[in-house]
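# Report on the structure
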Amino acid sequence: MKKRYYEFTAAAMLLAIGIVLPFFTGQIPQIGSMLLPMHIPVLLCGFIGGWKYGLIVGFILPLLRSLLFGMPTIYPNATAMAFELGTYGLLSGLLYTKAPWQCVKMLYRCMVAAMLGGRIVWGVVMAMLLGWGNFTFAMFLAGAFLEAIPGIVLQLIIIPAVMLTLDKTHLVSFRKPKQEIASNKHTA
């Protein structure tokens, strides 16, 4: 029960951070689309709160931000981002909690898989919203990868650093493989 309250509180806090964080880059839309400030709290939410909270926060965040502040625009950007970020939260939480161990190496694997999955979902949703002939593969590559390189690098630096800090403070602990835990008990 206590864990559920912790996960809910963390999800609510990360949703609030996701609403506020784009203000630091929102004055210049090109910078915001390159640094992807809403992606960081969603990925963290998946890792900390699990796939359910990651999915909910990821899906709600761009839509709520669009309704509150008009950015990103509801159609097509916030709508496509809702599916993209929902996928980030879902995959990061699902892959990480199902992993045989939790450490920085596994965190990177899960994060890269979630980022790739989310970008593919974003591309499919954008193609559906704009029409399959109007959203080209070149537009997908530019929007999902080329223009997003600074944000991807930022995520690959910040998220593991936050998770390492949370591990050191014992707020979120990494897990070792069961075999390693069992062998440590026998050697102690």
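Before going further, it helps to examine the confidence of the model for the chain. In this model, the chain carries a mean pLDDT of 89, and residues with pLDDT of at least 70 account for 91%. In the model of the chain, helix α9 (residues 178-187) stands out as the element of lowest mean pLDDT, 50, in contrast to helix α4 (residues 51-69), which has the highest, 97.

Here we take up the packing of helix α3 (residues 39-49) against helix α6 (residues 104-130). Following both chains from N to C, one finds α3 and α6 inclined at 125°, their axes separated by 11 Å at the closest point. Overall, the two elements α3 and α6 adopt an arrangement that is oblique. Crossing of α3 over α6 shows right-handed handedness. Each of His39, Leu43 and Phe47 in α3 lies in contact with α6, whose residues at this interface are Leu107, Cys110, Met111, Ala114, Met115 and Arg119. Residues of the contact of α3 with α6, tallied by class, amount to 7 nonpolar, 1 polar and 1 charged.

With that settled, consider the packing of aromatic side chains. Throughout the structure, instances matching the rule amount to 8 aromatic pairs. Pairing Trp122 with Phe135 gives two aromatic rings, centres 5.5 Å apart and planes at 80°, and the pair type is edge-to-face. On the criterion of sequence distance, the pair formed by Trp122 in helix α6 and Phe135 in the loop between α6 and α7 (137-146) is long-range, its members being 13 residues apart. Phe135 carries the same exposure label as Trp122, and that label is buried. Consider the rings of Phe140 and Phe145, whose centres lie 5.8 Å apart with planes at 90°: the pair is edge-to-face.

Scoring rules and cut-offs
Residues numbered from 1 in each chain as written. Predicted model: local features only at pLDDT ≥ 70, side-chain atom pairs only at ≥ 80, totals over all residues. Heavy atoms only, no water. pLDDT = per-residue confidence, 0-100. Helix = DSSP H or I, 4+ residues; strand = E, 2+ residues; numbered from the N terminus. Axes fitted to C-alpha atoms, helices over the stretch in contact; angles between N-to-C directions. Parallel < 35°, antiparallel > 145°, perpendicular 65-115°, else oblique. Left-handed = near helix turned anticlockwise from the far one by under 90°. Contact = heavy atoms within 4.5 Å. Nonpolar A, V, L, I, M, F, W, Y, C, P; charged D, E, K, R; others polar. Phe/Tyr/Trp six-rings, centres within 6.5 Å; stacked < 30°, edge-to-face > 60°. Buried < 20%, exposed > 50% of the residue type's maximum accessible area, 1.4 Å probe, protein only.

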